[in-house]
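Residue-level structure breakdown
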Amino acid sequence: MSKRLILSLISLGLISFLSVLIETSLNVTFEYLTKTYEIDIKTASLLTSMFLLALTLIMPTSSFLLQRFNTKKLFIFTNFLFLLSLLVCAGFNNFYILVLARFLQGIAAGIALPLMFNIVIIKASKKYFGFLIGFCVFLVATAPGFGPIYGGFIMKYFEFRDIFIFLIPFLVFALILGIFNIDDLSSKASFDYKEYFLILGLIVSLVCSVDNIGFFIVFLLLLYLLIKLKSNILKVAFNYRFFCSSLMVFLMQFFALSYSLILPNYLISVLEYDSFNASKVMFLGSISAALLAPISGFLSNVIGSFKLAFAGVILIIFSNILFLYLDENLLNFSISYLVYAFAQGISMSVIIAYSINLSSDKTNANTYINTFQQCFGVLGVLVISKVFNDNYLIGFKNSIYVILSLAFLQLILIYFAFKNKC
């Protein structure tokens, strides 16, 4: 395992980390945004959902971009695009320009995140594959813990725009690190534009079906066309074990984005904590999840992927029961989230590595997982903001019931994903 490989992953991971850091730090600013721009929380959540949508739309191109363009130049372009978006966020006092800048950040993260995982797939040895997948998850998974603390701290002691300004030096550091350590992995490759635009339509129609059931019919039609055309990205899901295990990953992304939306806003709006104190609830849990991600890769070699995945699902169910029945105070919310985060930490990167190893086409399997993982993140924000928006007190419990129901679905999925492996 070379030093240059680790440093190249850190440089790409920093871009992904910073983009998620902004995403989760903005969740504690929603009260400020709703008052300043006279919008509701569903509109404020566009800052998250549009970022995730851009991330999702660009990810199907990741295999092509990696093969077609010089890797280092692609990284530099991504870095400068992210820098531009930070300057726009800091320089303009208009909500919809903020949304546009967040969309640009989503494009940058949509290139950096799958590129990081693809470097592992191409360059990592089998011995370190699980660990390095966990390391990549670690680089991104630490952000949800720091994000609310960072956002709450900035809102308490500085100004809203400083959320973006203070990240610029870290982006410059990532640029320098990447320039000296990222190797070129490109090769001449063709691009199936028909498949790409059909997948774009598939994702957009699925996201839009949250508000209009008619789009779900469009989604089914596009899905049928892609299957008939033998889409390179979708055909990896024809393996039912891969489909079930990757769907477990997508649901975990749904949970993670849902919690980052409802927890701080419930604590701020209903229990009347300030943004800094509300942000502390997720900190310890997110750090534990991040630290466990690379460790779980080694643990899976010792006790097996199934046991870790099963334990993760059971603990997710238990954590949601705690949210419903424990008294409402910061300590109990922290304990409940810590249980959930521990579950995510021991299982998510393990299930990702297990899913990729199930497929003979690992590059497209990675593209499929990254694309629809973020798509489910968008769905999480849109669905839960819809449930949560009208009445925060009732909406919080209803949101937990939605997550709990999907966690029970994971119990069914785990049987088929690990069939003959139990």
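Presented here is a report on the structure given in the accompanying data block. Note that the structure is a prediction, hence the values are computed from the model and not measured.

All right, on to the overall build of the protein chain then. In terms of regular secondary structure, the protein chain is built from 20 helices and zero strands. The C-alpha atoms of the protein chain give a radius of gyration of 20 Å, which matches the 22 Å a tight globule of 422 residues would have. Taking the principal axes of the C-alpha coordinates as reference, the protein chain spans close to 55 × 50 × 45 Å. A buried classification covers 60% of the 422 residues belonging to the protein chain. Considering only contacts within the protein chain whose residues lie at least 6 apart along the sequence, 85% involve residues at least 24 apart.

In this section: helix H11 (residues 168–181). Between the first and last C-alpha of H11 there are 20 Å, a value that for 14 residues agrees with the 20 Å anticipated at 1.5 Å per step. Taken together, the buried positions of H11 are occupied by Leu171, Ala174, Leu175, Leu177, Gly178 and Asn181. Those residues of H11 that are buried are in contact with helix H1 (3–26) and helix H6 (71–91).

A few words on the packing of helix H12 (residues 193–208) against helix H19 (residues 362–389). Running from amino to carboxyl end, H12 crosses H19 at an angle of 20 degrees, the nearest separation of the two axes being 10 Å. Viewed along their axes, H12 and H19 adopt a mutual orientation that is roughly parallel. For the crossing formed where H12 meets H19, the hand is right-handed. Counting all contacts with H12, which are made through Leu202, Ile203, Leu206 and Val207, the residues of H19 involved are Thr371, Phe372, Cys375, Val378, Leu379 and Leu382. Tallied by class, the residues present in the contact of H12 with H19 amount to nine nonpolar, one polar and no charged.

It is worth spelling out helix H4 (residues 46–58) at this point. Between the first and last C-alpha of H4 there are 18 Å, a value that for 13 residues agrees with the 18 Å anticipated at 1.5 Å per step. Here H4 lies mainly inside the structure; 11 of its 13 residues are buried.

It is worth spelling out unusual backbone geometry at this point. With phi around 55 degrees, glutamate 38 is a residue other than glycine that occupies positive phi space. When you line up the elements, glutamate 38 lands in the loop between helix H2 (30–36) and helix H3 (41–44). We classify glutamate 38 as exposed; its relative accessible area is 74%. The backbone phi angle of lysine 230 is positive, close to 55 degrees, even though this residue is not glycine. By relative accessible area, lysine 230 is classed as exposed at 62%.

A contiguous nonpolar surface patch, about 470 Å² in accessible area, is contributed by Tyr240, Leu409, Ile412, Tyr415 and Phe416. Take the nonpolar patch: its biggest share by element is four residues, from helix H20 (residues 392–417). With respect to the helices and strands, phenylalanine 416 occurs in helix H20.

This part is about the pattern of salt bridges. Scanning the entire structure with this criterion turns up five salt bridges. Between lysine 123 and aspartate 183 there is a salt bridge, and its shortest N-O distance comes to 2.7 Å. Remark: aspartate 183 occurs in the loop between H11 and H12 and lysine 123 occurs in helix H7 (residues 95–123); sequence separation between them is 60 residues. Owing to a relative accessible area of 28%, aspartate 183 belongs among the partly exposed residues under this scheme. In this structure, lysine 386 and aspartate 211 form a salt bridge, with 2.8 Å as the shortest nitrogen-oxygen distance. Linking lysine 386 in helix H19 with aspartate 211 in the loop between H12 and helix H13 (214–228), this pair joins segments that are 175 residues apart in sequence. On the basis of relative accessibility, which here comes to 37%, the residue lysine 386 falls in the partly exposed class. Beyond isolated ion pairs, a larger network of salt bridges with shared partners links Arg4, Lys123 and Asp183.

Let's shift gears to the packing of aromatic side chains. Scanning the entire structure with this criterion turns up 27 aromatic pairs. Where tyrosine 266 meets phenylalanine 396, the ring centres are 4.3 Å apart and the plane angle is 20 degrees; that geometry is what we call stacked. Of the two residues, tyrosine 266 sits in helix H14 (residues 240–269) while phenylalanine 396 sits in helix H20, which places them 130 residues apart along the sequence. Given the relative accessible area of 1%, phenylalanine 396 is considered buried. Aromatic side chains tyrosine 337 and tyrosine 340 sit 5.6 Å apart centroid to centroid with 50 degrees between the ring planes, which places their arrangement in the tilted category. One end of the pair is tyrosine 337 and the other is tyrosine 340, both in helix H18 (residues 330–358) and three residues apart, which spans about a single turn. Just above the ring of phenylalanine 51 sits the side chain of arginine 102; from NZ or CZ to the centre is 4.3 Å.

Okay, the side chain of serine 8 next. Following the sequence through the fold, serine 8 ends up in helix H1. Taking the relative accessible area as the measure of exposure, serine 8 reaches 4% and is therefore buried. For serine 8, the side chain forms a polar contact with the main-chain oxygen of leucine 5, separated by 2.7 Å. With residues up to four places along the chain from it excluded, the contact list for serine 8 reads Ile119, Asn181 and Ile182.

Considering the arrangement of structural elements, one finds glycine 285 in helix H16 (residues 283–303). Distance from glycine 285 to serine 336, taken between C-alpha atoms, is 8.9 Å for residues 51 residues apart in sequence.

This next bit is on the state of the cysteines. Under the defined criterion, the tally for this structure stands at zero disulfides. In this structure cysteine 208 is not part of a disulfide, and its nearest cysteine sulfur, from cysteine 375, lies 10 Å away.

Judged by nonpolar contacts, the single largest core of 151 residues is most densely connected at Phe164 and Tyr368. The dominant element in this core, judged by the number of residues it contributes, is H14, at 19 residues.

Conventions and cut-offs
Residues numbered from 1 in each chain as written. Predicted model: local features only at pLDDT ≥ 70, side-chain atom pairs only at ≥ 80, totals over all residues. Heavy atoms only, no water. Helix = DSSP H or I, 4+ residues; strand = E, 2+ residues; numbered from the N terminus. Rg over C-alpha atoms; globule rule 2.2 N^0.38 Å. Buried < 20%, exposed > 50% of the residue type's maximum accessible area, 1.4 Å probe, protein only. Contact = heavy atoms within 4.5 Å. Expected span 1.5 Å × (residues − 1). Axes fitted to C-alpha atoms, helices over the stretch in contact; angles between N-to-C directions. Parallel < 35°, antiparallel > 145°, perpendicular 65-115°, else oblique. Left-handed = near helix turned anticlockwise from the far one by under 90°. Nonpolar A, V, L, I, M, F, W, Y, C, P; charged D, E, K, R; others polar. Patch = residues over 30% accessible without salt bridge, like charges linked within 9 Å, V, L, I, M, F, W, Y side chains within 5 Å. Areas by Shrake-Rupley, 256 points an atom, 1.4 Å probe, with all protein chains shown as cover. Salt bridge = Lys/Arg side-chain N within 4 Å of Asp/Glu carboxyl O. Phe/Tyr/Trp six-rings, centres within 6.5 Å; stacked < 30°, edge-to-face > 60°. Lys NZ or Arg CZ within 6 Å of the ring centre and 35° of its normal. Polar contact = N/O pair within 3.5 Å; in protein donor to acceptor, adjacent residues only side chain to side chain. Disulfide = S-S within 2.5 Å. Core = buried A, V, L, I, M, F, W, Y, C linked by side-chain atoms within 4.5 Å.

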